[in-house]
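Breakdown of the fold
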Amino acid sequence: MMRHLMLCAVLAAACSRGARKDLTPALAADAPAAAAQQAALSDGPRLTEAEMAEHLLSRLTYGPQRRDRERLAQLGLAGFIEEQLHPDQIDDSALARRLASYEVLHKGADTLVQQLVAERKQRQADQKREELMKEAPPADNGPLTAAESARRLAAPTPPPPSVAPKELRKPLGKAARGPGYDYVAQLSQAKLLRAVSSG
């Protein structure tokens, strides 16, 4: 009984730790300058405000960019550090709108697998039907009537299979055809878009 109570207490503590909000206090506005002054005591001259900004941008971003410099000027050193430490507070609505166009991101893995399996089965059935049609003797039903010809023309044609651009087909081979390629392409594009937008 005591073991069960101890196990419950450990699990409750672990769960509460995950649910806890960030308890670290906000960085004081003068903290970066104070840190630079403290560092100057033991290691050379104190950094200027511009040098601190460039150092901060090179350490906290993927390299200083114009928009990062503008954001740093707007928020100040401490505010920029706080924003980088709490990325959940950054407005990503523009990225979310762009990612909404990738249909693969809105489907579960089970749905994607089912669609791939269904596509493969359909392709196999079509291939079998083509082979049977090649082996079948030609039917001699005489000339087509106008009504039969109109009926055949009005029948819906199946959509063409999803195919990769011509320049990619040869290096990718059979992998460049079908929804599997489209899924991988959409996931790759979404990953790239996230990386570019975060930088």
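Residues numbered from 1 in each chain as written. Predicted model: local features only at pLDDT ≥ 70, side-chain atom pairs only at ≥ 80, totals over all residues. Heavy atoms only, no water.

1. As for the packing of helix 3 (residues 49-60) against helix 4 (residues 66-85)
Put simply, helix 3 and helix 4 touch, their axes get as near as 11 Å, and they point 70° apart. Considering their axes alone, helix 3 and helix 4 lie roughly perpendicular with respect to each other. The hand of the helix 3/helix 4 crossing is left-handed. The segment helix 3 lies against helix 4, with Glu49, Met52, Ala53, Glu54, Leu56, Leu57 and Leu60 engaging Asp68, Arg69, Leu72, Leu77, Phe80, Ile81 and Gln84. (Axes fitted to C-alpha atoms, helices over the stretch in contact; angles between N-to-C directions. Helix = DSSP H or I, 4+ residues; strand = E, 2+ residues; numbered from the N terminus. Parallel < 35°, antiparallel > 145°, perpendicular 65-115°, else oblique. Left-handed = near helix turned anticlockwise from the far one by under 90°. Contact = heavy atoms within 4.5 Å.)

2. Description of the pattern of salt bridges
For the structure on display, the rule yields 6 salt bridges. Note that Glu54 is salt-bridged to Arg69, the shortest N-O span being 2.8 Å. With Glu54 in helix 3 and Arg69 in helix 4, this residue pair connects regions lying 15 residues apart in the sequence. (Salt bridge = Lys/Arg side-chain N within 4 Å of Asp/Glu carboxyl O.)

3. Some words on the nonpolar core
Ala36, Met52, Ala53, Leu56, Leu57, Leu72, Leu77, Phe80 and Ile81 form the largest nonpolar core, which has 9 residues in total. At the level of secondary structure, the elements contributing two or more residues to this core comprise helix 3 and helix 4. Contacts of Ala36, omitting those with residues within four sequence positions, involve Arg46 and Met52. Residues Leu95, Leu99, Ala190 and Leu193 belong to the second largest nonpolar core, which totals 5 residues. (Core = buried A, V, L, I, M, F, W, Y, C linked by side-chain atoms within 4.5 Å. Buried < 20%, exposed > 50% of the residue type's maximum accessible area, 1.4 Å probe, protein only.)

4. Regarding the environment of Gln74
When you line up the elements, Gln74 lands in helix 4. Here the side chain of Gln74 touches Arg71 through a polar contact of 3.1 Å, side chain to side chain. (Polar contact = N/O pair within 3.5 Å; in protein donor to acceptor, adjacent residues only side chain to side chain.)

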